[in-house]
Amino acid sequence: MTTLTALDVDARLGGRQILDGVGLTVTPGRVTALVGPNGSGKTTLLRTCYRALPTTAGLVSIDGADITSLRRRALARTVGVSTQEPVSLGGITVRESVRLGRTVKRGMFEPFGTDDSEVVDTVLAQVGMTALAERDVLALSGGERQRVSIARALAQQPEVLLLDEPTNHLDLHQQLSVLTLLRRLAADGLAVLLTLHDLRMATEYCDAMAVLERGRVVADGPPEKVLSPALLADVFGVRGEVRPGRAGGRTLDVWGLADE
Ligand SMILES: Nc1ncnc2c1ncn2[C@@H]1O[C@H](COP(=O)(O)OP(=O)(O)OP(=O)(O)O)[C@@H](O)[C@H]1O
């Protein structure tokens, strides 16, 4: 079980400070949602967590080890990432693209074994892409590509999984099945952090939530505590409240703009 922690992280882009003293813990066994208005710094924070962007102050660590002290390969073995970028250039199949996730376990030039094929088959099934496994990745819809990106990260069998808007191209059924899958994987010990715009989905499916506003974490904790009517109005500009949902769960009602 592995924990990823951001401590007092600052980051800059284009000469501007984007993250300002951000603290965040991604705990094994939990799905944590990173939410916030457009431009609040969610993607930037995620990028600092897998070393795609250097921090200008503060520290990101994995089980206490500064990620800048880890070799790229060790980091890739521990942290799986699904981003919004295209999954591959094309000319390879879905199965081959997902299998690339296995190179972190094997090394570039080591041949893939039957255990790799089994993992690839499993993750393809988990994201509902088995039927399209032999299709060229360029001949996929946006949602299908997104599922390939998630499958490739899962094929790494990481300890920590970071996902940037993993549901934004998905239909409702696929959204729920990806979120359900993430919950199941978290229950097995994975630490999951995902950015999400859909606050209702975040409320219903995530165990914890951190709210970013202008590069600062303004609240974190269980969704029902974090998403108070006051925070929904102040940060998201909407009127709403978290209330009990079906089967002992919780849901979010939003009924208008805060300034109407
Ligand atoms: N290359 C860049 N140079 C300068 N500023 C940038 C650059 N990339 C992003 N930004 C700015 O950094 C801020 C945070 O962007 P980021 O993509 O992290 O936000 P976000 O919360 O993920 O937004 P969204 O919800 O719209 O995806 C924004 O104000 C954005 O305009």
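Residues numbered from 1 in each chain as written. Predicted model: local features only at pLDDT ≥ 70, side-chain atom pairs only at ≥ 80, totals over all residues. Heavy atoms only, no water.

Caption draft 1: Inspection of the nonpolar core at higher detail. Within the largest apolar cluster, 50 residues are counted, with the highest numbers of intra-cluster contacts made by Val98, Leu194 and Leu227. Built from parts of two domains, this core gets at least three residues from each of domain 1 (4-226) and domain 2 (233-260). Other than its neighbours up to four places away in sequence, valine 98 contacts Val120, Val123, Leu124, Val148, Ala151, Arg152 and Ala155. Core analysis: the next-biggest nonpolar cluster, separate from the first, contains 25 residues, Val9, Leu45, Val160 and Leu212 among them. (Core = buried A, V, L, I, M, F, W, Y, C linked by side-chain atoms within 4.5 Å. Buried < 20%, exposed > 50% of the residue type's maximum accessible area, 1.4 Å probe, protein only. Domains from an automatic or database assignment. Contact = heavy atoms within 4.5 Å.)

Caption draft 2: Here's a closer look at the pairing of strand S3 (residues 31-35). In terms of residue burial, S3 counts as a mostly covered element, since five of its five residues are buried. Here four bridges tie S3 to strand S8 (residues 191-195), and the two strands are oriented parallel to one another. Counterpart to valine 31 in the pairing with S8 is valine 192. Pairing analysis gives four bridges linking S3 to strand S9 (residues 208-213), with the strands arranged parallel. By the bridge assignment, threonine 32 is partnered in S9 with alanine 208. (Helix = DSSP H or I, 4+ residues; strand = E, 2+ residues; numbered from the N terminus. Pairing = 2+ DSSP bridges.)

Caption draft 3: Spotlight on the sheet that holds strand S10 (residues 216-221). The mixed open sheet is built from six strands, whose spatial order is S6-S7-S8-S3-S9-S10. Of all the strands in the sheet, the pair left with one neighbour each is strand S6 (79-82) and S10. Mean inter-strand twist for the sheet, computed between neighbouring axes without regard to direction, equals 15°. Contacts between helix H7 (residues 172-187) and the sheet are confined to S3, strand S7 (160-163) and S8, with S8 contributing the most and set at about 150° to the helix. (Axes fitted to C-alpha atoms, helices over the stretch in contact; angles between N-to-C directions.)

Caption draft 4: Here's a closer look at the pattern of salt bridges. Using the criterion set out here, one finds nine salt bridges in the structure. The residue glutamate 134 makes a salt bridge to arginine 95 at a minimum N-O spacing of 2.9 Å. Taken together, the residues span a long stretch of sequence, with glutamate 134 in the loop between helix H5 (114-126) and helix H6 (142-155) and arginine 95 in helix H3 (residues 94-99) at a distance of 39 residues. Notably, a salt bridge pairs arginine 102 with aspartate 116, separated by 2.8 Å at the nearest N-O pair. Remark: aspartate 116 occurs in helix H5 and arginine 102 occurs in the loop between H3 and helix H4 (103-106); sequence separation between them is 14 residues. For the pair shown, arginine 102 and aspartate 116 are each scored as buried. Linked by salt bridges that have partners in common, Arg95, Asp121 and Glu134 make up one network. (Salt bridge = Lys/Arg side-chain N within 4 Å of Asp/Glu carboxyl O.)

Caption draft 5: Representation of the environment of proline 37 within the structure. Within the secondary structure, proline 37 is located in the loop between S3 and helix H1 (42-49). Residue proline 37 is classed as partly exposed on the basis of its relative accessible area of 24%. Spatially, the C-alpha atom of proline 37 lies 7.6 Å from that of leucine 212, the residues being 175 residues apart in sequence. Residues within four places of proline 37 in sequence aside, it is in contact with Lys42, Leu212, Val235 and Phe236.

Caption draft 6: Quick look at the side chain of threonine 32. Mapped onto the fold, threonine 32 is located in strand S3. Relative accessible area serves as the criterion here: at 3%, threonine 32 is assigned to the buried category. In this structure threonine 32 touches Thr25, Val192, Leu193, Leu194, Ala208 and Met209, once residues within four positions along its chain are discounted.

Caption draft 7: Structural context of the domain arrangement of the chain. Taken domain by domain, the chain comprises domain 1 (4-226) and domain 2 (233-260). Using only C-alpha atoms to locate each centre, domain 1 and domain 2 end up separated by 26 Å. Carbon and sulfur atoms supply 65% of the area that domain 1 and domain 2 bury against each other, a total of about 920 Å² over both sides. Counting across the domain 1 and domain 2 interface gives one salt bridge. Residue arginine 250 is joined to glutamate 224 by a salt bridge in which the shortest nitrogen-to-oxygen separation is 3.1 Å. Put simply, domain 1 and domain 2 have five residue pairs in polar contact (both at pLDDT 80 or more) between them. In terms of residue class, the side of domain 1 that touches domain 2 is made up of eight nonpolar, two polar and five charged. (Buried area = accessible area lost by both parts, 1.4 Å probe. Polar contact = N/O pair within 3.5 Å; in protein donor to acceptor, adjacent residues only side chain to side chain. Nonpolar A, V, L, I, M, F, W, Y, C, P; charged D, E, K, R; others polar.)

Caption draft 8: A look at the state of the cysteines. Inspection of the entire model under this criterion finds zero disulfides. Just so you know, cysteine 49 is unpaired, no disulfide at all, and the nearest cysteine sulfur is the one on cysteine 206, 16 Å from it. Of the residues examined, cysteine 206 reaches a relative accessible area of 0% and is grouped as buried. (Disulfide = S-S within 2.5 Å.)

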